[in-house]
Amino acid sequence: MDRPSKTKPWSDIDLNRWRDYDHVLTDSLWLFSSRASGDGHKLDYHGNFIPQIVTQTLTRYTKAGEVVLDVFLGSGTSAIEALNLGRRCIGVELKPDLIEYVRGKLPADRLGTDVHLIVGDSTSQATTDAVRAALTAMGETHAHLLMLHPPYHDIIHFSDRASDLSNAPDTDAFLDMFETVARRGYDLLAPGRFAVLVIGDKYEKGELIPLGFWCMERVNRVGFKTKAIVVKNIEGNERGKGRSNNLWRYRALAGGYYIFKHEYVIIFRKPER
Ligand SMILES: C[S@@+](CC[C@H](N)C(=O)[O-])C[C@H]1O[C@@H](n2cnc3c(N)ncnc32)[C@H](O)[C@@H]1O
């Protein structure tokens, strides 16, 4: 007779069948040979993350039917993958045209029911109110997973809006805006649940700016506990860049630095109480 399943309150993974989950990563180094495509995913937005990040984290940290809150929705990778995995999603994005574009990529009958798309500034109270209204409409009081994939400060310029984190005048201002979003996300997330921060570092005037660690520290300040720092390669994004890779390699050798090949996927948990 089959043993009854043994699950945690925040996952459908049956621990009695733990050997069956080869596809679920548990090591802190994620090496993907290429970006997952199909199932609604396209490389259509400069700055989007690979769907595997969403697949892995939703599989480990949510149950079927639960609500993922992505406060930097971009081109909608989280929303697409949430639906693929039988989850629901609330997505916030500053750029109205992008929200319209994401709307067109999702099945019409799931919009306004299983997926709520909000045009808004994730640092603002008005957006928090709109997320709460969406949660209520979905029959929930809190989200079950918080996804944070902010701009890596000014590495990519996303819009001309002052509330866009990519327009923060300096690193401290960027971190302050990011912390505000993390604090609002903390309040919207159910106790005992997880948050995922996807971020890379940058160089500025010959100095490494460790945005990953500094953002992690800001997420801790609002009350989250760090569970894991995962390093993920970006090999799949680098294809076809042979000539420029050589140029960067020359510059690295000449300048004494290393070329970024990785980003961080940092996992946090909101305490139960
Ligand atoms: C790194 S991208 C996210 C990409 C997304 N994960 C995807 O796969 O397409 C960051 C996004 O945050 C948006 N953004 C920047 N500042 C924001 C703010 N204050 N509120 C909401 N969205 C913001 C940008 O317009 C950009 O689309």
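For the structure itself, consult the block above.
This structure is a prediction, so every number in the text was calculated from the model and none was measured.

A. Molecular detail of the overall build of the protein chain. A count of helical and extended segments in the protein chain gives 7 helices and 10 strands. In terms of C-alpha radius of gyration, the protein chain reaches 19 Å, essentially the compact-globule figure of 19 Å for 273 residues. With 273 residues in all, the protein chain has 51% of them scored as buried. Accessible surface computed for the protein chain: about 13,700 Å², of which carbon and sulfur atoms make up 52%. Counting 36 positive and 35 negative side-chain charges, the protein chain places the averaged centre of each group 4 Å from the other.

B. Summary view of a positive patch on the surface. A contiguous patch of positive charge on the surface is contributed by Arg3, Lys6, Lys8 and Lys227. A relative accessible area of 51% places Lys227 in the exposed class.

C. Quick look at the pairing of strand 2 (residues 67–70). Neither face of strand 2 is left uncovered, since the one carrying Val67 and Leu69 and the one carrying Val68 and Asp70 both have all their residues buried. Sheet topology note: the strand 2/strand 3 (residues 88–93) ladder contains 4 bridges and is parallel. From the neighbouring strand, Val68 faces strand 3, where its bridge partner is Cys89. Regarding the hand of the β-α-β motif, the stretch spanning strand 2, helix 2 (residues 77–84) and strand 3 is right-handed. Sheet topology places strand 2 next to strand 5 (residues 143–148); 3 bridges connect them, and they run parallel. From the neighbouring strand, Asp70 faces strand 5, where its bridge partner is Met147.

D. Quick peek at the layout of surface pockets. Empty space within the largest pocket amounts to approximately 1,300 Å³. Every residue lining the largest pocket is counted, 50 residues in all, and those nearest its centre are His46, Tyr152, Ile155, Ile156 and Glu263. Elements represented by at least two residues in the lining of the largest pocket include exactly helix 2, strand 3, helix 7 (242–255) and strand 10 (262–269). Counting residues per element, the lining of the largest pocket draws most heavily on helix 7, which supplies 3 residues.

E. Representation of the sheet that holds strand 6 (residues 189–199). With respect to topology, 8 strands assemble into an open sheet ordered 1-9-10-6-5-2-3-4, the strand pairing being mixed. Sheet topology places strand 1 (29–30) and strand 4 (115–119) at the edges, where each strand pairs with a single neighbour. The strands that helix 3 (residues 96–105) touches are strand 3 and strand 4; relative to strand 4, the one it contacts most, it runs at about 160 degrees.

F. Structural detail: the site of the ligand. Surveying the vicinity of the ligand reveals 25 residues, the closest of which are Tyr45, Ser75, Thr77, Glu93 and Ser163. Ser75 has a polar side-chain atom sitting 2.7 Å from an oxygen atom of the ligand. Between the ligand and His149 there is a distance of 2.8 Å, counted from a nitrogen atom to a side-chain nitrogen or oxygen. Isolated, the ligand exposes 610 Å² of accessible area, and the fraction of that covered by the protein chains is 99%. For the ligand, the cavity whose grid points lie within 2 Å of the majority of its atoms is the largest pocket.

G. Examining the side chain of Lys232 more closely. Position of Lys232 among the secondary structure elements: in strand 9 (residues 225–233). The exposure class of Lys232 is buried, given its relative accessible area of 2%. Side-chain polar atoms of Lys232 contact the side chain of Glu263, separated by 2.6 Å. Ignoring any residue separated from it by four or fewer positions in sequence, one finds Lys232 in contact with Trp30, Phe32, Ile50, Ile53, Lys261, His262, Glu263 and Val265.

H. Highlighting the packing of aromatic side chains. Inspection of the entire model under this criterion finds 10 aromatic pairs. Their ring planes at 40 degrees and their centres at 5.9 Å tell us that Tyr45 and Phe158 sit as a pair that is tilted. Pair noted here: Tyr45 is in the loop between strand 1 and helix 1 (51–61) and Phe158 is in the loop between strand 5 and helix 5 (171–188), with a separation of 113 residues, a long-range link. Phe158 matches Tyr45 in its accessibility class, with the two residues each being buried. Put simply, the rings of Trp10, Tyr61 and Phe194 touch in pairs and so form one group of aromatic residues. Sitting above the plane of the Trp248 ring, Arg251 keeps its charged end 4.6 Å from the centroid. When the ring centre of Tyr186 is taken as origin, the NZ or CZ atom of Lys270, which lies over that ring, is 4.5 Å away.

Rules used in this analysis
- Residues numbered from 1 in each chain as written.
- Predicted model: local features only at pLDDT ≥ 70, side-chain atom pairs only at ≥ 80, totals over all residues.
- Heavy atoms only, no water.
- Helix = DSSP H or I, 4+ residues; strand = E, 2+ residues; numbered from the N terminus.
- Rg over C-alpha atoms; globule rule 2.2 N^0.38 Å.
- Buried < 20%, exposed > 50% of the residue type's maximum accessible area, 1.4 Å probe, protein only.
- Areas by Shrake-Rupley, 256 points an atom, 1.4 Å probe, with all protein chains shown as cover.
- Lys, Arg positive; Asp, Glu negative; His and termini not counted.
- Charge placed at Lys NZ, Arg CZ, Asp CG, Glu CD.
- Patch = residues over 30% accessible without salt bridge, like charges linked within 9 Å, V, L, I, M, F, W, Y side chains within 5 Å.
- Salt bridge = Lys/Arg side-chain N within 4 Å of Asp/Glu carboxyl O.
- Pairing = 2+ DSSP bridges.
- Right-handed = clockwise from strand over helix to strand, strands pointing away.
- 1 Å grid on protein atoms, 1.4 Å probe; cavity = no way out; pocket = protein on both sides within 12 Å on 5 of 7 lines; lining within 4 Å.
- Points joined across faces, edges and corners; volume = space filled by probe spheres on them.
- Contact = heavy atoms within 4.5 Å.
- Axes fitted to C-alpha atoms, helices over the stretch in contact; angles between N-to-C directions.
- Near = heavy atom within 4 Å.
- Polar contact = N/O pair within 3.5 Å; in protein donor to acceptor, adjacent residues only side chain to side chain.
- Sits in = over half its atoms within 2 Å of the grid points.
- Phe/Tyr/Trp six-rings, centres within 6.5 Å; stacked < 30°, edge-to-face > 60°.
- Lys NZ or Arg CZ within 6 Å of the ring centre and 35° of its normal.

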